[in-house]
Protein chains: 2
Amino acid sequence: MTYCLAIALEDGLVFCSDSRTNAGADRVSSYSKMHRFSVPYDRSLVLLTAGNLATSQAVVSQIQRDLEQDAEFNILKASYVSDVADYVGRLSVEEQGKYQEQGGPNAGFNAAATFILGGQIKGHSPELYMIYPEGNHITASDLHPYLQIGETKYGKPILDRIIRPETPFETAMRCAIVSVDSTMRSNATVGPPLECLFYRKDSLQPNERYCKLEEHHPYLAEVRESWDDSIRSAFDNLPTLDAVFAEDE
Amino acid sequence: MTYCLAIALEDGLVFCSDSRTNAGADRVSSYSKMHRFSVPYDRSLVLLTAGNLATSQAVVSQIQRDLEQDAEFNILKASYVSDVADYVGRLSVEEQGKYQEQGGPNAGFNAAATFILGGQIKGHSPELYMIYPEGNHITASDLHPYLQIGETKYGKPILDRIIRPETPFETAMRCAIVSVDSTMRSNATVGPPLECLFYRKDSLQPNERYCKLEEHHPYLAEVRESWDDSIRSAFDNLPTLDAVFAEDE
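Since we're looking at a predicted model, the values are computed, not measured.

A. Structural context of the packing of aromatic side chains. The full count for this structure, using the stated rule, is six aromatic pairs over all chains. Taking the centre distance of 4.1 Å and the plane angle of 10° together, the rings of Phe169(B) and Phe198(B) count as stacked. Linking Phe169(B) in helix α4 (residues 169-186) with Phe198(B) in strand β11 (residues 194-200), this pair joins segments that are 29 residues apart in sequence. By relative accessible area, which is 14% here, Phe169(B) ends up buried. For Phe198(B), a relative accessible area of 0% gives the class buried. For the cation-ring pair, Arg90(A) lies above Phe73(A), with the distance from its terminal atom to the ring centre recorded as 6.0 Å.

Spelled out as structure tokens, the structure:
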């Protein structure tokens, strides 16, 4: 499994991803799920991947090839980020189609992959999309300023409580790290290293802020300890149920 | 959907359930998912239900009938809570079987239901089980002292952080309420009223503490406000990422 998320802030875009892949309990490994494509002062794009690893690797590799071979369409020729989202969707559907058969040994095989694509192309605002296995996509909104792929549920409540478009990027990155860390704690198929990146609006630079946090990174240890302590005192601060029980008696 | 959980503490058992049912977005209603069966000073049992409402209602109704008709086996005749868990599993599988056909209009129809059963029978320790749609069951353990059914993921991280067998019951109930409240916030198919019950070990009374919290219950409002505030200050207290970025530069 995987857990990746991206947040559309007034100040720019935050991306965060785990690095664990598994194909059965005895086939666990680490792969980066954060891919960057950038031409300074012209465009900066980040692609996060979840789902079938063969499909997502093939898509990333085709994006690179299309750049090297100066294909009819590639990331450098796109005018809008949404055109790149269409393109990623097309590559993904093509790749999945190679392994889908009505009968035969692959019958019922699912090579689905899901992507988050975000970034900015000169002359336009930053854009953020989630691309479904079917190739179509949705964007974030002010009312729902984040997108998630993979094992999304464990880490959602904290995003719902904290993230607003006006949240400062550093707070949003911390929130993303807590969201991924909570998920790692609840689900063994999501694991470190964590990668976290902030793209500042209109910078057109590959990344304003980037960090990679390995399992025993001191920051991750500090966050866990601080968060655990705070959650415990949050509990101590909650109103007790005594008043509720008293009214029933 | 549904979200119910139960916690096995050294002091007894805590149960908590939401009340929303839905069969499509235009068939949303409220049903209690907490059912109590009790003979003071002899036995006290609580059954929580998730999944197909027709199945879970039929199971609860058959339990009642078997009591009224003094059937060969009923809850009053059980020597162990695990025997009751077997019985609930049997009733559930029988009920689901009525609507499973190889072909015909019901082909592919899934009437699965999942249950949590907990309580105590005189002369034995309290027991807690989760009963799968297949009719078999698992119990909680010291290392994993809680069980969940329904929409379980959103509310799991907080349980993982707080719940230990030695947690006081009032803290565990508050934690259960926060867990269900976070789930309600993230998933529209889980909704109030919340029911929360504590069975104190060896009391053999139907409930030591019980509360039902409607949507606008002042306690729920207070918990939400306090929790939101605390989570926000927990964020303010987290170590900032500045040190991490500094080392990369």
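B. Expanded view of the sheet that holds strand β6 (residues 43-51) of chain B. All names here are of chain B. Reading across the sheet, the five strands line up as β5-β6-β7-β8-β9 and stay open at both edges, with antiparallel pairing between neighbours. Only two strands of the sheet have a single partner each, and these edge strands are β5 (34-39) and β9 (137-139). Geometrically, the sheet is characterised by an average inter-axis angle of 20° between neighbouring strands, direction not taken into account. Alignment of β6 against strand β7 (residues 113-121), held across nine bridges, turns out to be antiparallel. Of the residues in β7, the one forming a bridge with Leu48 is Ile116. Those strands touched by helix α2 (residues 81-97) are β6, β7, β8 (127-131) and β9, and its axis lies near 155° from that of β7.

C. Summary view of the sheet that holds strand β7 (residues 113-121) of chain A. All names here are of chain A. Strand order in the open sheet made by the five strands is β5-β6-β7-β8-β9, with antiparallel pairing throughout. What marks the edges here is a single partner per strand, and that holds for β5 (34-39) and β9 (137-139). The sheet shows a mean angle of 20° between the axes of neighbouring strands, direction not considered. Across six bridges, β5 lies against strand β6 (residues 43-51) in antiparallel orientation. When the sheet's bridge partners are listed, Arg36 is paired in β6 with Val46. Running over the sheet, helix α2 (residues 81-97) touches β6, β7, β8 (127-131) and β9 and is turned about 155° from β7.

D. Structural context of the relation of the copies chain A and chain B. The transformation that overlays chain A on chain B combines an axial shift of 0.0 Å with a rotation of 180°, and the residual RMSD is 0.0 Å. Taken together, the rotation and translation relating the two chain copies correspond to the operation of a two-fold axis. When C-alpha positions in chain A are compared against the rotation axis, the closest is assigned to Tyr154(A), at 2.3 Å. When the interface residues of chain A are mapped onto chain B, 100% of them are again interface residues, pointing to one common binding face.

E. Up close: the environment of Val180(A). Residue and element names in this part refer to chain A. On the secondary structure map, Val180 appears in helix α4 (residues 169-186). As a C-alpha pair, Val180 and Cys4 span 176 residues in sequence and 7.8 Å in three-dimensional space. The residues contacting Val180, other than those within four sequence positions of it, are Tyr3, Leu5, Cys16, Asp18 and Leu194.

F. Examining a negative patch on the surface more closely. On the surface, Glu10(A), Asp11(A), Asp142(A) and Glu166(A) cluster together into a negatively charged patch. Tracing the chain through its elements places Asp142(A) in the loop between β9 and β10 (146-150).

G. How the structure looks around unusual backbone geometry. Residues and elements named next belong to chain A. Put simply, Pro192 and Pro193 share a cis peptide bond, and its omega is -5°. Following the sequence through the fold, Pro193 ends up in the loop between α4 and β11 (194-200). A positive phi is found at Asp70, a non-glycine position, where the angle reads about 45°. Within the secondary structure, Asp70 is located in the loop between α1 (53-68) and α2. A relative accessible area of 52% means that Asp70 is categorised as exposed.

H. Fine view of the pairing of strand β2 (residues 12-17) of chain A. Residue and element names in this part refer to chain A. In terms of residue burial, β2 counts as a mostly covered element, since six of its six residues are buried. Sheet analysis places strand β1 (residues 3-9) next to β2, joined by six bridges and oriented antiparallel. Along β2, the bridge assignment pairs Cys4 with Ser17. Between β1 and the antiparallel strand that follows it, β2, lie two residues. In this sheet, β11 lies alongside β2 in antiparallel orientation, the contact comprising six bridges. Along β11, the bridge assignment pairs Leu13 with Tyr199.

I. A look at the interface of chain A and chain B. Facing the 49 residues of chain A at the interface are 49 residues of chain B. Together, the buried faces of chain A and chain B total about 4700 Å²; carbon and sulfur atoms form 61% of this surface. Of all residues in chain A, the largest losses of buried area upon contact with chain B belong to Arg161(A), Phe235(A) and Leu241(A), amounting jointly to 17% of the total for that side. Counting across the chain A and chain B interface gives four salt bridges. The partner of Lys153(A) in a salt bridge is Glu151(B), with the nearest N and O atoms 2.8 Å apart. On the surface where chain A and chain B come into contact, there are 20 residue pairs in polar contact (both at pLDDT 80 or more). No other element matches the 13 residues that helix α5 (residues 218-237) of chain A contributes to the side of chain A that touches chain B.

How each quantity is defined
- Residues numbered from 1 in each chain as written.
- Chains lettered and ligands numbered in written order.
- Predicted model: local features only at pLDDT ≥ 70, side-chain atom pairs only at ≥ 80, totals over all residues.
- Heavy atoms only, no water.
- Phe/Tyr/Trp six-rings, centres within 6.5 Å; stacked < 30°, edge-to-face > 60°.
- Helix = DSSP H or I, 4+ residues; strand = E, 2+ residues; numbered from the N terminus.
- Buried < 20%, exposed > 50% of the residue type's maximum accessible area, 1.4 Å probe, protein only.
- Lys NZ or Arg CZ within 6 Å of the ring centre and 35° of its normal.
- Pairing = 2+ DSSP bridges.
- Axes fitted to C-alpha atoms, helices over the stretch in contact; angles between N-to-C directions.
- Contact = heavy atoms within 4.5 Å.
- Least-squares fit on C-alpha atoms with pLDDT ≥ 70 in both.
- Patch = residues over 30% accessible without salt bridge, like charges linked within 9 Å, V, L, I, M, F, W, Y side chains within 5 Å.
- Areas by Shrake-Rupley, 256 points an atom, 1.4 Å probe, with all protein chains shown as cover.
- Salt bridge = Lys/Arg side-chain N within 4 Å of Asp/Glu carboxyl O.
- Lys, Arg positive; Asp, Glu negative; His and termini not counted.
- Charge placed at Lys NZ, Arg CZ, Asp CG, Glu CD.
- Buried area = accessible area lost by both parts, 1.4 Å probe.
- Polar contact = N/O pair within 3.5 Å; in protein donor to acceptor, adjacent residues only side chain to side chain.

All quantities given are derived from atomic positions and should not be read as evidence of function.
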